[in-house]
Amino acid sequence: MPRKTNGMLFELQPRPTTGEDGKPLLYAHPAAPYKRTMKDVETYCAFRGLNANLVEMAFNTFMDVCCEWLADGYRVETPLGVFSPKIRLNGDYTDPSKVQGKDVQFAGIELTPSKHFVKMVSRKQHGFRKKDTPVGNAQMHDERFMAEALRKAVIDGFTTIRIFMTQSRLKYNSARRYLDSLCAGEHPTLKRMKVGGAIHYFPLQK
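For the structure given in this document, a descriptive report is provided here. (Residues numbered from 1 in each chain as written. Predicted model: local features only at pLDDT ≥ 70, side-chain atom pairs only at ≥ 80, totals over all residues. Heavy atoms only, no water.)

Glancing now at the layout of surface pockets. Taken as a whole, the largest pocket holds about 1200 Å³ of empty space. Lining of the largest pocket is provided by 32 residues; of these, Arg 36, Val 41, Leu 80, Phe 117 and Val 121 occupy positions nearest its centre. With 8 residues, helix α2 (residues 52-71) is the single largest residue contributor to the lining of the largest pocket. Here the residues of the lining of the largest pocket are counted per class, giving 24 nonpolar, 4 polar and 4 charged. (1 Å grid on protein atoms, 1.4 Å probe; cavity = no way out; pocket = protein on both sides within 12 Å on 5 of 7 lines; lining within 4 Å. Points joined across faces, edges and corners; volume = space filled by probe spheres on them. Helix = DSSP H or I, 4+ residues; strand = E, 2+ residues; numbered from the N terminus. Nonpolar A, V, L, I, M, F, W, Y, C, P; charged D, E, K, R; others polar.)

Here it is, written out as structure tokens:
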């Protein structure tokens, strides 16, 4: 079966809840390899025969007026959707009479996409492609993979958390916990030392 080459790239990650088999339930989220920027928008506009400077000016003008309206509490309707200000109380209150203006703070901006915008994205959609990456920290249960990752991470007789992260594809805290676990127990395989403000892990001779 030919490999799918278009569509949205996605990856799987574990949820906090588990399924009937006791394993974490999964969720999918987009895994585009990089982000698009205003420079990309300008390039596309130039390709369509539009003046890139005018496009940037239109964005900046919209932001100026939209910020003023949002700061005054207005909802701003656009072809993309509705921009709304979010506010919150800075504490726990039960008595309305005790809440003053100073007790409220700005909490961000919310965008509710328009139905037309959602339909346009849907029409451009070409299915999905699964990114072959470990789910969560599943690789930690593969002893051979982790042993090889550690072997590759040891450079000049030691490794660090960040070097090991690259080889193991673990996040910082998970990589640190794994390395620390190899320093503990009756038969440790690593020795942990602080060198020049950084933590180094040295393999112990068998």
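Residues Arg 48, Lys 115, Lys 119, Arg 123 and Lys 124 make up a contiguous surface patch of positive charge. For Arg 123, the position within the fold is in helix α3 (residues 115-124). (Patch = residues over 30% accessible without salt bridge, like charges linked within 9 Å, V, L, I, M, F, W, Y side chains within 5 Å. Areas by Shrake-Rupley, 256 points an atom, 1.4 Å probe, with all protein chains shown as cover. Salt bridge = Lys/Arg side-chain N within 4 Å of Asp/Glu carboxyl O. Lys, Arg positive; Asp, Glu negative; His and termini not counted. Charge placed at Lys NZ, Arg CZ, Asp CG, Glu CD.)

Strand order in the open sheet formed by 3 strands is β3-β4-β5, and the pairing between neighbours is antiparallel. The strands lining the two open edges of the sheet, one partner per strand, are β3 (76-77) and β5 (104-113). Looking at chain direction, β3 and strand β4 (residues 81-89) are connected through 2 bridges and run antiparallel. When the sheet's bridge partners are listed, Val 76 is paired in β4 with Phe 83. Lying on the sheet, α2 is in contact with β3, β4 and β5; it crosses β4 at an angle near 40 degrees. (Pairing = 2+ DSSP bridges. Contact = heavy atoms within 4.5 Å. Axes fitted to C-alpha atoms, helices over the stretch in contact; angles between N-to-C directions.)

One recurring pattern in soluble globular proteins: nonpolar side chains tend to sit buried together. Counting residues in hydrophobic clusters, the biggest one holds 14 residues, and the most contacted among them are Leu 150, Ile 161, Phe 164, Ala 175, Leu 179 and Leu 190. Mapped by element, the contributors of at least two residues to this core are α4 (143-153), α5 (161-168) and α6 (172-181). Sorting elements by how many residues they give to this core places α4 first, with 4 residues. (Core = buried A, V, L, I, M, F, W, Y, C linked by side-chain atoms within 4.5 Å. Buried < 20%, exposed > 50% of the residue type's maximum accessible area, 1.4 Å probe, protein only.)

This brings us to the packing of aromatic side chains. The tally for this structure, following the rule as stated, stands at 4 aromatic pairs. Judged by centre distance (5.9 Å) and plane angle (45 degrees), the rings of Phe 158 and Phe 202 are tilted. Of this pair, Phe 158 sits in the loop between α4 and α5 while Phe 202 is found in strand β8 (residues 198-203), placing the two residues 44 residues apart along the sequence. The exposure class of Phe 202 is partly exposed, given its relative accessible area of 26%. (Phe/Tyr/Trp six-rings, centres within 6.5 Å; stacked < 30°, edge-to-face > 60°.)

Between two packed helices, both the angle of their axes relative to each other and the distance between the axes serve to describe the pair. Across the interface, α4 lies against α5 with an axial gap of 8 Å and an inter-helix angle of 135 degrees. One finds that α4 runs oblique with respect to α5. Seen along the crossing, α4 lies across α5 with a hand that is right-handed. Between α4 and α5, the residues in contact are Phe 145, Met 146, Ala 149, Leu 150, Lys 152 and Ala 153 and Ile 163, Phe 164, Gln 167 and Ser 168, respectively. A class-by-class count of the residues in the contact of α4 with α5 yields 7 nonpolar, 2 polar and 1 charged. (Parallel < 35°, antiparallel > 145°, perpendicular 65-115°, else oblique. Left-handed = near helix turned anticlockwise from the far one by under 90°.)

Before going further, it helps to spend a moment on the sheet that holds strand β1 (residues 8-18). With mixed pairing, 3 strands are arranged side by side in an open sheet as β2-β1-β6. Across the chains shown, the open sheet's two edge strands, defined by having one partner strand only, are β2 (24-30) and β6 (128-130). Pairs of neighbouring strands in the sheet enclose a mean axial angle of 45 degrees, with direction left out of account.

What follows covers the pattern of salt bridges. Under the defined criterion, the tally for this structure stands at 4 salt bridges. Here Arg 192 and Asp 180 are joined by a salt bridge, their closest N and O atoms 3.1 Å apart. Taken together, the residues span a long stretch of sequence, with Arg 192 in strand β7 (residues 190-195) and Asp 180 in helix α6 at a distance of 12 residues. Classification of Arg 192 by relative accessible area gives partly exposed; the value is 43%. The class for Asp 180 is partly exposed, based on a relative accessible area of 25%.

What follows covers the environment of Val 76. Checked against the element boundaries, Val 76 lands in strand β3. We classify Val 76 as buried; its relative accessible area is 6%. As a C-alpha pair, Val 76 and Val 65 span 11 residues in sequence and 9.9 Å in three-dimensional space. Filtering out sequence-adjacent residues up to four positions away, Val 76 remains in contact with Cys 66, Trp 69, Leu 70, Gly 81, Val 82 and Phe 83.

It is worth stressing that arrangement in space is one thing and function is another; only the former is reported here.
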